[in-house]
Each structure stands twice: as C-alpha cells, then as structure tokens.
Amino acid sequence: MGPTSSREVTQLVCQESDLQDGQMKEVEIEQNKILLVRNEGKFSAVSGLCTHYGAPLIKGALVGNRVRCPWHGACFNTTTGDIEEFPGLDCLHSYKVKVDCGKVYVTASKQKTTKRVKEMSSREPGVCHTVLLIGGGPASLQCAETLRQNKYGGRIIMVIKDEKLPIDKTKLSKAMNIEIEKILLRPSDFLQKHDIEVWTEKDVVSVNTEGKVVTFSDGTTQPYDQLLVSTGARARALQVPGAEMENVKLLESYKDAAGIYQMSVGNKVVIVGTSFIGMEVAAYLSDKAASVAVVGKSEFPYQLSLGPDIGKMTMKMLEEKNVKFYMNSGVAEMRGENGRVKEVVLQNGDVLQADVVISGIGVIPNSDFLKGSAVEVDSRNAVVVDKFMRTNIPDVFAAGDVVSFPLALREDKMVQIGHWQLAQAHGRVAALNMLKKQTEINSVPYFWTVLLGKSIRYTGYGEGYTDIVFKGNVEEMKFLAFYIKGDEAVAAASLNFDPAVSKVAELMASGQKITKSQAESQDLGWLQLP
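Residues numbered from 1 in each chain as written. Predicted model: local features only at pLDDT ≥ 70, side-chain atom pairs only at ≥ 80, totals over all residues. Heavy atoms only, no water.

Q: Looking at this structure, how should I read the overall build of the chain?
A: When helices and strands are tallied, the chain shows nine helices and 36 strands. Since a compact globule built from 530 residues should have a radius of gyration of about 24 Å, the 24 Å found for the chain is in line with a globular shape. A principal-axis box enclosing the C-alpha atoms of the chain has dimensions of 80 × 65 × 45 Å. Here the chain holds 530 residues, and 52% of them are scored as buried. The long-range fraction of contacts in the chain, counting pairs at least 24 apart against all pairs at least 6 apart in sequence, stands at 59%. (Helix = DSSP H or I, 4+ residues; strand = E, 2+ residues; numbered from the N terminus. Rg over C-alpha atoms; globule rule 2.2 N^0.38 Å. Buried < 20%, exposed > 50% of the residue type's maximum accessible area, 1.4 Å probe, protein only. Contact = heavy atoms within 4.5 Å.)

Q: What's the story with the pairing of strand S22 (residues 323-326) in this structure? I'm lost.
A: Successive side chains on a regular strand alternate, one facing one side of the sheet and the next facing the other. What you see with S22 is a clean split: Val323 and Phe325 sit on the buried side and Lys324 and Tyr326 on the side with no burial. In the classification by handedness, the crossover that spans strand S21 (residues 291-295), the intervening helix H6 (residues 308-319) and the parallel S22 is right-handed. (Right-handed = clockwise from strand over helix to strand, strands pointing away.)

Q: Honestly, the UniProt feature "domain: Rieske" (unreviewed entry) in the chain in this entry has me stumped. Any pointers?
A: Residues given the UniProt feature "domain: Rieske" (unreviewed entry) here are residues 11-106. The span residues 11-106 is 0% helix and 51% strand, and its two end C-alpha atoms sit 6 Å from each other. (UniProt positions renumbered as here; feature names shortened; annotations may be inferred.)

Q: For this particular structure, what's the right way to read the nonpolar core?
A: Among soluble globular proteins, nonpolar side chains are generally buried collectively. Core analysis: the largest hydrophobic core is formed by 90 residues, its most contacted members being Val207, Val214, Leu227, Val229, Phe405, Leu480 and Phe482. The element contributing the most residues to this core is helix H7 (residues 420-434), with seven residues. Not counting the four nearest positions on each side in its chain, Val214 is found in contact with Leu132, Ile134, Val204, Ser206, Val207, Thr220, Thr221, Gln222, Tyr224 and Leu227. Of all hydrophobic cores here, the second largest spans 49 residues; its members include Leu251, Tyr284, Val323 and Ala493. (Core = buried A, V, L, I, M, F, W, Y, C linked by side-chain atoms within 4.5 Å.)

Q: Whenever I open this one, the sheet that holds strand S30 (residues 403-407) confuses me. Can you help?
A: The pairing of strands in a sheet happens through backbone hydrogen bonds and is either parallel or antiparallel. Strand order in the open sheet made by the three strands is S28-S30-S31, with mixed pairing throughout. Either end of the sheet is taken by a strand with one partner, and the two such strands are strand S28 (383-384) and strand S31 (413-415). Taken together, the two bridges between S28 and S30 define a ladder with parallel strand orientation. Across the sheet, Val384 pairs through a bridge with Ser404, a residue of S30. (Pairing = 2+ DSSP bridges.)

Q: Looking at this structure, how should I read the packing of helix H1 (residues 138-149) against H7?
A: The axes of two packed helices give the description: the angle between them and the distance between them. Two numbers describe how H1 lies on H7: the axes approach to 7 Å, and their chain directions differ by 35 degrees. Relative to H7, the crossing made by H1 is right-handed. Across the interface between the two elements, Pro138, Ala139, Gln142, Cys143, Thr146 and Leu147 from H1 touch Trp420, Ala423, Gln424, Gly427, Arg428, Ala431, Leu432 and Met434 from H7. Looking at the contact of H1 with H7, its residues break down into nine nonpolar, four polar and one charged. (Axes fitted to C-alpha atoms, helices over the stretch in contact; angles between N-to-C directions. Left-handed = near helix turned anticlockwise from the far one by under 90°. Nonpolar A, V, L, I, M, F, W, Y, C, P; charged D, E, K, R; others polar.)

Q: Help me out: how do you make sense of the pairing of strand S36 (residues 488-495) in this one?
A: Burial analysis of S36 places seven of its eight residues in the buried class, the great majority of the element. Pairing geometry for strand S33 (residues 454-460) and S36, over five bridges, is antiparallel. Residue pairing in the sheet places Arg457 in a bridge with Ser494 of S36. With seven bridges joining them, strand S35 (residues 478-485) and S36 adopt antiparallel strand pairing. Paired with Leu480 across the bridge in S36 is Ser494. The loop that links S35 with its antiparallel partner S36 comprises two residues; one of these, Gly486, has a positive phi angle of about 65 degrees.

Q: In this structure, what is going on with unusual backbone geometry? I would like to understand it.
A: A cis amide bond links Phe86 with the next residue in sequence, Pro87, at an omega value of 20 degrees. Mapped onto the elements, Pro87 comes out in the loop between strand S8 (83-85) and strand S9 (94-100). Of the consecutive residues Asp498 and Pro499, the connecting peptide bond is found in the cis state with omega at 0 degrees. By the element assignment, Pro499 lies in the loop between S36 and helix H8 (500-509). Here the phi dihedral of Asn322 falls at roughly 70 degrees; this positive angle occurs in a residue that is not glycine. Judged by relative accessible area, which is 58%, Asn322 ranks as exposed. Although it is not a glycine, Asn328 sits at a positive phi angle of roughly 55 degrees. Considering the arrangement of structural elements, one finds Asn328 in the loop between S22 and strand S23 (331-337). Of the residues examined, Asn328 reaches a relative accessible area of 55% and is grouped as exposed.

Q: Mind showing me how you'd approach the sheet that holds strand S34 (residues 467-473) here?
A: An order of S32-S33-S36-S35-S34 is seen for the five strands of this open sheet, with the pairing classed as antiparallel. The strands lining the two open edges of the sheet, one partner per strand, are strand S32 (446-451) and S34. The mean inter-strand angle of the sheet, taken between neighbouring strand axes irrespective of direction, is 15 degrees. Taken together, the six bridges between S32 and S33 define a ladder with antiparallel strand orientation. The residue of S33 that forms the bridge with Phe447 is Tyr458.

Q: Would you mind showing me how to read the side chain of Ser373 here?
A: Along the chain, Ser373 turns up in the loop between strand S27 (363-365) and S28. The exposure class assigned to Ser373 is buried, which follows from its relative accessible area of 18%.

This is the structure in structure tokens:
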C-alpha cells in the first residue's frame, strides 16, 4: 500500500465488487464521513457532508462525477471535491483511493475535516486595477472570491449599505433571533487575508459610467475599472393609511429580524402576505407571539407559486399552531395612537388587534441609484443583463435579485428570480467574464422554504404552469409535485421525498426535457430514486 504520513490513516473500506458504476457509499474514517463513488470503473472519495448546511451527500443525486445535495441543491465534483453549483461557499476535501487485489482503500486525515476553502490569491503590488462591488449579498461575495480564486491581483472593494458584513439572509425569516456570528458568510479576518475590502454603511447614490466613478450619499466618490451592481431587492411597503406607523415592519436586515422578534414575543402579530417570507415568519413566531394573524389576497398561501393543494396543506400546518388566516382579503387601513398601530382593518371590514405588523408582499429591485445613468433598467426596475451578466455598458456587470437575465432553461426568456443559489451563480459568472474567461449563466433555479421544521424544495421555473401532477400524498406531507406547461414538466416541488427534486434539477441541468407523460406515469424509474 505504500507509506502514509503520521497525520493520515489508510483504511480498507470495501471490496471492489461492492460498488457498481454510478453508485456511492458512505464510509467513516477517524470521525470523518467520506463519500466513496464509482464512476466509469474508477473510485474517488470526497467529504461526505455538504459544505452549505451539512446534509449527508449519500442521500443526494449522483450523476456522472457530480453529486447534488438533497437539501438545497449544491453540487460537487466527486473527483476534485470542487463546488460546481451553489448554495455554499466551500469545496469538499478529496481523498486518495487505491484498489489493491480487489480491495478498496481510502487514505484520510486523522483530524476531523469538513470544508476546504479554494485557494485564493491576494492583492499584488503594482496592479492598478479596481473592481467595485455594490452590495453585500451572495452575488457580491461570490464575485469577490471567484476573482481571487482566479488570481486577480487588483483591488476589490465591496460596498454595503447595511452595518453588517455579508450574512446568510435566508436564515432571517426562519430563525429571527439567531446570533450574528452564526450567519456571517465570512469573518472579517478571512476577507482581510484575501484583500477583499468591505465598506459598511455606504450608500451609493449615482454612477457615472463615462467617467467610471461612483458617488456615495456622504459626498465621497470612488473610481472603478469594472463594476458589479448587486444591490438586491427591497421589501415592498404597504400603501395604505397608517402604514407609516413605527410598529409596521419590513424584514430586510439582521437588525430588522432582531427587532421584529423582540417586538413580537408575547404580543399580537399581524403578517400581511402569504408567500415565502410571510409564511416563514408566521411559522417561526407561532409559538412565541401571543397571537399570529396572516392576511392573504388569494384563497390559499403560495397559490400562484406552489399551487392550492400545497398552500392548503401549509395553511393547515400553521392553523394547528394557532395561526389564524384571513384569506381573500387585504388591508384597507391601519389605526393606532401615538404613532403606533393598534388595529388592522381589512377590506372586508374585519378588525385585527395588532402590536406589530409585518409586511411580506413582494420586493422591488434596488436600482434607483442608476436613474440618470446609461445602464439599462426594465419597466420593473430590474437591471437588464445578458447571459454573461453584462449590462449594456462595457465594464458594468450586474448580478442577483436586482437583475433580469436570460434563463437558459426557458430558451433564454428574460426572468427575474430572487433565489439565493442563483445570486451566487450570477456572481461567479460575472467574475469570470470580468477576467475575460467567457462563461454563460446556465444554472437551474433551486429554492427551499422551511415551515415548522418541514422543508419544501423546489427546482425549475414554473411560471405559467397549467397543471400539477402529484406523486405521493400532499395531506400526508410526503409528495413530489410536477408543474406542467404544455407537454413538459417545467418545475418540481417536494416534501419528504428526497432526493427527487435534486434528481430533477440534475436532469434539467443536463438539458433533458421531462415530459408530461413521464410525470404522469405510475413508474418513476426514469428518475432513478433510491
């Protein structure tokens, strides 16, 4: 077998005949969970837990030399361990595998290892080039890291309106009182080590694309050579009398989440909006507030996105936790005293008592600072980009929730999709194209929501679907749903049906169309579920 270092251990993990091509096995060496994969006759081994939230990859979808996480869709190369699709920032460790006389051996570290940070450069003296990143979300951070991973030696400045470093914002509606340290995407020393400057509490008010300079609200300016607009989207405010009162809240930042949590504990909460943010906040506060009332325009939550059956199921879940729903209605006005709401009056005349009102009625792209610039913005305020994340102005790129981009999955239809994973993918593609490494955005959208510990996963692009085909049972909370448009399944959602959605995402990523007849067939053998 040959010598190994004192910090490594080599272990017999299986017989060569135990795994066929396209199969994987989880093994443990010195407390390290390791994923052993056989593909085209060759064995490889990588860390067994996803670097995003630690999901067991053995339960994921393996296609060729790529494994897709069953929880949130991150993809890893099973030979190198490199992350190939998001969410998550880090790679897997890869391990030496040797086959000897029909036996398979893996050499691993004696220390517990989970994630591997891709090698990154830092700033090089004498390189007079600046990339300015406006925004502190996943697109901006991924762009910065991708630049350094590809040996960019210039200056990187990330400008953030908020007071915090980049955080995992997906947690804010799911765990509102979480400590900031637990959701920082990168600590400040990591950013400093790789010469990624972060300027917090800096608000951009204008961009001069001819002079290549950005102006901030404090009057200062910063020139750039290349610019990334990744300012995200802001929560849409309620436009009704009384909406300006101080206990009417939007959830946009860590400070908002912490404030809403403190105001809500033991008090009467009214949530306006029954999409992902509103429902997650309602679920989280259901056992913390004195009462939670949810107001929605449709008959059921998620009626347009996930459909009425899933909406009805989620509504029942929350009703069992004493959340009250006021559907087919909207807010007419809010009444209060001393600048604080006391009552929410609905359009049907119902009056709800309220100590805090939270609005979750959609978002508006943050592109106002581009007014007066030559950067193209569409009628919905989204910055228009091509498949290389380029705007209509040379050296100005855009990424994340602020953009409208061509979706490869839908024949390059221009879409605006606010998914965490896509924002990261946008940031990576923008960085590579800044470096003249021509790369197109071709990610398959992947999304998840969590209600009372239950995770609904979603992949594809379902806008305009006309029918939903269910496998399993929605009422029993174990199902796979296919969203049908014409003769094609254009999206899928699931609950307790892993790794079905990740399998569907991999099929879509490989360019395969899923037909309506496949979705309707009793036999799901084509999906190759375990």
